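A closer look at the structure
The residues making up each chain are set out below.
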Amino acid sequence: MTPAPEWLTRLAARADLGEHPWFVEHPAPDTGVRHSAVLVLFGAGADGALDVLLTERAHTLRSHPGQVSFPGGRLDPEDDGPVDAALREAQEEVGLEPAGVEVLATWPALHLAPSSSAVTPVIGWWREPVPVGVVDRAEVARVARVPLTDLLDPGRRFTAVFGPYRGPGFEVQGLFVWGFTAMLLDAVLDLAGLTEPWDTGVERELPERVMSPWMRERGAEDSA
């Protein structure tokens with residue numbers, strides 16, 4: 001078993017997360033939302049290099065097709081809270097063994113207004129990694145362990161753009177990471193004190209492969 005790195009345990013112990021701008025701007029309401037959880041799982045590869053587990057959603061899904069996300073999903077009635085839901089979903093999506101994960105923290109739920117969701121990030125350390133991959137291709141197209149060094153590389157960072165939307169983006173292992181996943185990664189790296197300066201003036205439009213049908217229609221209307 002490999003112990004969690006010091007920066008991650010220090011991050012998990014922070015009590016001031018609610019002061020970070022993203023949490024301040026997106027507090028989850030008490031009612032009228034669907035509750036879900038995602039597993040932000042860091043681990044060490046065979047070479048000892050740190051990475052984070054990401055998935056590419058199936059391109060046939062009605063909701064967020066082709067987008068990059070953390071393993072996770074909606075809280076079911078039988079789930080014992082966000083941690084249980086995040087681990088269960090990760091097992092169903094990528095074949096993760098929950099017993100090999102050390103849960104370090106549960107962060108405040110974030111409100112995603114477009115989907116009326118309250119998403120709870122669960123921060124974990126993969127103390128006993130096992131091989132993972134696509135379990136159900138109707139849900140997941142690809143599973144990737146993305147090196148932390150790639151996420152920190154300023155050359156792989158940019159501002160993702162779609163209409164009036166502007167937000168952090170990453171291009172890693174052929175994955176275009178934007179939206180909630182990129183914003184959460186950006187907050188994690190920032191709060192951990194790992195972020196390297198990057199040029200926020202570099203803007204990239206969303207590629208079609210990460211757009212839902214309504215987004216493609218809107219893009220066509222905006223360019224007409």
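As a reminder, the structure under discussion sits directly above these lines.
These notes cover the structure that comes with them.

Basis of the calculations
- Residues numbered from 1 in each chain as written.
- Predicted model: local features only at pLDDT ≥ 70, side-chain atom pairs only at ≥ 80, totals over all residues.
- Heavy atoms only, no water.
- Helix = DSSP H or I, 4+ residues; strand = E, 2+ residues; numbered from the N terminus.
- Rg over C-alpha atoms; globule rule 2.2 N^0.38 Å.
- Buried < 20%, exposed > 50% of the residue type's maximum accessible area, 1.4 Å probe, protein only.
- Areas by Shrake-Rupley, 256 points an atom, 1.4 Å probe, with all protein chains shown as cover.
- Lys, Arg positive; Asp, Glu negative; His and termini not counted.
- Charge placed at Lys NZ, Arg CZ, Asp CG, Glu CD.
- Expected span 1.5 Å × (residues − 1).
- Pairing = 2+ DSSP bridges.
- Axes fitted to C-alpha atoms, helices over the stretch in contact; angles between N-to-C directions.
- Contact = heavy atoms within 4.5 Å.

1. A look at the overall build of the chain
A tally of helices and strands in the chain yields six helices and twelve strands. For 224 residues, the compact-globule formula gives about 17 Å, and the C-alpha radius of gyration of the chain, at 17 Å, lands near that figure. Once the C-alpha set of the chain is aligned to its principal axes, its extents read approximately 55 × 40 × 35 Å. Looking at the 224 residues of the chain, the share that counts as buried comes to 46%. For the chain, the exposed area adds up to about 10,800 Å²; of that, 51% sits on carbon and sulfur atoms. Side-chain charges in the chain split into 18 positive and 34 negative, and the spacing between the mean points of these groups amounts to 4 Å.

2. What about helix H5 (residues 179-191)?
The terminal C-alpha atoms of H5, which comprises 13 residues, lie 18 Å apart, in line with the 18 Å expected from a rise of 1.5 Å per residue. Of all 13 residues making up H5, ten are buried, and the element is well covered by its neighbours. Where H5 ends, the next residue or the one after it, Gly 193, has phi of about 75°, a positive value.

3. Things to note about the sheet that holds strand S12 (residues 203-205)
Taking strand neighbours across the sheet as the criterion, the four strands line up as S11-S10-S9-S12 in an open arrangement whose pairing is mixed. What marks the edges here is a single partner per strand, and that holds for strand S11 (175-177) and S12. Going across the sheet, the axis of each strand differs from the next one's by a mean of 40°, ignoring polarity. Running over the sheet, H5 touches strand S9 (157-162), strand S10 (165-172) and S11 and is turned about 80° from S10.

Honestly, that's just the spatial picture; any functional story needs more than this.
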